[in-house]
Amino acid sequence: MRTLGVAVVGFGWMGRVHTQAYTRVLHHFPDPPVRPLLVVVADDVPGRAEEAAERYGFETATRDWREVAADPRVGAVSVTAPNFLHREIGVAMAEAGKHLWIEKPVGLGADDARAVAAAAAAAGVWGTVGFNYRNAPAVAAARELIATGEIGRVTHVRIRLFSDYAAHPESALTWRYERARGGSGVLGDLASHGVDLARHLLGEIDSLAADTAVFLRERARPAGATAGHARAAGGGTGAVENDDYVSCLLRFASGARGVLEACRVSVGEQNSYGFEIHGTTGALFWDFRRMGELGVCRGTGYQDQPVSTVHVGPGHGAYGAFQPGAANAMGYDDLKVIEAHHFLRSLTEGTAHGACLADAVAAATALDAMARSAQERRWVPLPGVSPPADRHAG
């Protein structure tokens, strides 16, 4: 089996997750197209790259990601740096001939995502994007049930992404809360996953109408370097420039309707992500916190029809690569191992397995439309979608 030199740029929490996925992919998928070899890790925080190299076995550590682009040993790069660096790093790596596994939202907006996608296409390299929730076996099961008509024609969906990671008033004013470096805030951070789930399960979005809000308008300025969602107190404060909350009405090209809601300051909610999908003869329910369970309602009763809990197992998505029987738990990191396998297959075969850069562009286009809708207080159509005749019915 040939090896593929891989690098990780940005070694915060997500960089660690990518690294562990590379090391685990052979354990769960014993016949991968290539064997990943950890070659370089890059991070500009002093000591972080060196620590990662010592812990995980990278051959080289550097503070300058440009050294990764110039390194002939590297064939593929995980871009897990902050959002505002995605475009610069992604374009440079693609132009250097490196395949990309890049985290969402691939920059600060659709223009950034398009630039990375265009660079990858011009260079003939592959780009996989970190929309990991679509990799959950229960989501794969839901998609199949929808495609086979088990719940009839989908009529409406509700997608939620609630978390409390930014709810504390002493949360440090990091790059995440700046427009120039954090982009649209909760839209890119959480709603991007919601848009991808909506498209993955129900198809293209035709138009949308959104409302946004900033609930914590000031945060404490950190005195030094921060990591994750650190707190800072005792110093000055600064203004939060991007959104804490978004709610959005969706019209799909299929004629279905949807509601997408995301918030990063939801006290009492920790990773409360999921969906409710209703069809003409049934419904589907999924909660990420109970990742291996799918609520399924189907039949011919219409009224008073029961909901059954299906524990996913082998045969649902990539579940069989991790557990031998239904109801054995999987976790978040397992979804990234699936994503790593999709990445290795895609770059070898030149065919999309999992989310790709086109999905990132589509999601970013929808997020830009949400921001514009909230600002202009109107419905905004999405380009490139041919709506059905009953688009405005009801």
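Quick caveat, the model's predicted, so the values are computed rather than measured.

1. A closer look at the pattern of salt bridges
So, step 1. Within the structure shown, the criterion is met by 27 salt bridges.
So, step 2. The salt bridge partner of R134 is D196, with a shortest N-O separation of 2.8 Å. Of this pair, R134 sits in the loop between β6 (127-129) and α6 (137-147) while D196 sits in helix α8 (residues 186-202), and the two are 62 residues apart along the sequence.
So, step 3. A salt bridge links R181 to E178; the nearest nitrogen and oxygen atoms lie 2.8 Å apart.
So, step 4. By relative accessible area, E178 is classed as partly exposed at 24%.
So, step 5. Here the residues in one salt-bridge network are R134, D196, R199, E204 and D359, joined through shared partners.

2. Topic: the sheet that holds β6
So, step 1. Taken in spatial order, the six strands line up as β3-β2-β1-β4-β5-β6 in an open sheet, and their pairing is parallel. The two strands at the open ends of the sheet, each matched to only one other strand, are β3 (60-62) and β6. Strand-to-strand twist in this sheet, taken as the mean axis angle between neighbours without regard to direction, amounts to 25°.
So, step 2. The sheet contacts of helix α1 (residues 13-28) involve β1 (3-9), β2 (35-42), β4 (76-79) and β5 (99-102), and relative to β2 the element is tilted by about 160°.

3. Focus: empty space enclosed by the protein
So, step 1. Evaluation of the coordinates by the stated rule reveals one cavity of 30 Å³ or more.
So, step 2. A volume near 60 Å³ is recorded for the largest cavity.
So, step 3. Lining the largest cavity are N83, Y165, W175, R176, Y177, G182, G185, D189 and R264.

4. Topic: the nonpolar core
So, step 1. Ranked by size, the top nonpolar core spans 128 residues in total, and within it V68, M93, I277, L284, W286, L294 and M370 carry the most contacts.
So, step 2. Dropping the residues within four chain positions of it, M370 is found in contact with L187, V195, L208, A210, V246, C248 and L260.

5. So, the layout of surface pockets
So, step 1. By volume, the second largest pocket is sized at about 260 Å³.
So, step 2. The wall of the second largest pocket is formed by 13 residues, among which R134, N135, H200, H342 and G354 lie closest to the centre.
So, step 3. Partitioned by chemical class, the residues of the lining of the second largest pocket number four nonpolar, five polar and four charged.

6. Considering the pairing of β5
So, step 1. Neither face of β5 is exposed, since H99 and W101 on one face and L100 and I102 on the opposite face are all buried.
So, step 2. With four bridges joining them, β4 and β5 adopt parallel strand pairing. Along β5, the bridge assignment pairs A76 with H99.
So, step 3. Taking the sense of rotation as the criterion, the β-α-β connection linking β4, helix α4 (residues 86-95) and β5 turns out right-handed.
So, step 4. Summarising the sheet, β5 and β6 pair through three bridges and their orientation is parallel. Paired with I102 across the strands is V129, a residue of β6.

7. Remarks on the confidence of the model for the protein chain
So, step 1. When pLDDT is averaged across the protein chain, the result is 94; 95% of the residues are at 70 or more.
So, step 2. Here residues 386-394 scores under 50 on pLDDT; set against residues more than four positions off or in separate chains, the count is 16 contacts.

8. Details of the packing of aromatic side chains
So, step 1. As enumerated under the stated definition, the model contains 14 aromatic pairs in all.
So, step 2. With centroids separated by 6.0 Å and ring planes inclined at 40°, the aromatic side chains of W101 and F343 adopt a geometry described as tilted. With W101 in strand β5 and F343 in helix α9 (residues 332-349), this pair connects stretches of sequence that are 242 residues apart. We note that W101, like F343, is buried.
So, step 3. When the ring of F275 is compared with that of W286, the centres are 5.5 Å apart and the planes differ by 35°; the resulting orientation is tilted. Placement of F275 in strand β13 (residues 272-279) and of W286 in strand β14 (residues 283-287) is noted, with a sequence separation of 11 residues between them.
So, step 4. When its relative accessible area of 1% is taken as the criterion, F275 is described as buried.
So, step 5. A relative accessible area of 3% places W286 in the buried class.
So, step 6. Here a set of aromatic residues connected by ring pairs shows up, and it is made of W13, Y133, Y273, F275, W286, F288 and Y332.
So, step 7. Here the basic side chain of R219 rests over the ring of Y177, its NZ or CZ set 4.2 Å away from the ring centre.
So, step 8. Above the face of the W379 ring, R251 is positioned so that its terminal group lies 3.8 Å from the ring centre.

9. Some remarks on a nonpolar patch on the surface
So, step 1. Among the surface-exposed residues, L249, V259 and W379 lie close enough to one another that they form a single nonpolar patch of about 240 Å² accessible area.
So, step 2. Inspection of the secondary structure puts V259 in strand β12 (residues 257-263).

Rules used in this analysis
- Residues numbered from 1 in each chain as written.
- Predicted model: local features only at pLDDT ≥ 70, side-chain atom pairs only at ≥ 80, totals over all residues.
- Heavy atoms only, no water.
- Salt bridge = Lys/Arg side-chain N within 4 Å of Asp/Glu carboxyl O.
- Helix = DSSP H or I, 4+ residues; strand = E, 2+ residues; numbered from the N terminus.
- Buried < 20%, exposed > 50% of the residue type's maximum accessible area, 1.4 Å probe, protein only.
- Pairing = 2+ DSSP bridges.
- Axes fitted to C-alpha atoms, helices over the stretch in contact; angles between N-to-C directions.
- Contact = heavy atoms within 4.5 Å.
- 1 Å grid on protein atoms, 1.4 Å probe; cavity = no way out; pocket = protein on both sides within 12 Å on 5 of 7 lines; lining within 4 Å.
- Points joined across faces, edges and corners; volume = space filled by probe spheres on them.
- Core = buried A, V, L, I, M, F, W, Y, C linked by side-chain atoms within 4.5 Å.
- Nonpolar A, V, L, I, M, F, W, Y, C, P; charged D, E, K, R; others polar.
- Right-handed = clockwise from strand over helix to strand, strands pointing away.
- pLDDT = per-residue confidence, 0-100.
- Phe/Tyr/Trp six-rings, centres within 6.5 Å; stacked < 30°, edge-to-face > 60°.
- Lys NZ or Arg CZ within 6 Å of the ring centre and 35° of its normal.
- Patch = residues over 30% accessible without salt bridge, like charges linked within 9 Å, V, L, I, M, F, W, Y side chains within 5 Å.
- Areas by Shrake-Rupley, 256 points an atom, 1.4 Å probe, with all protein chains shown as cover.

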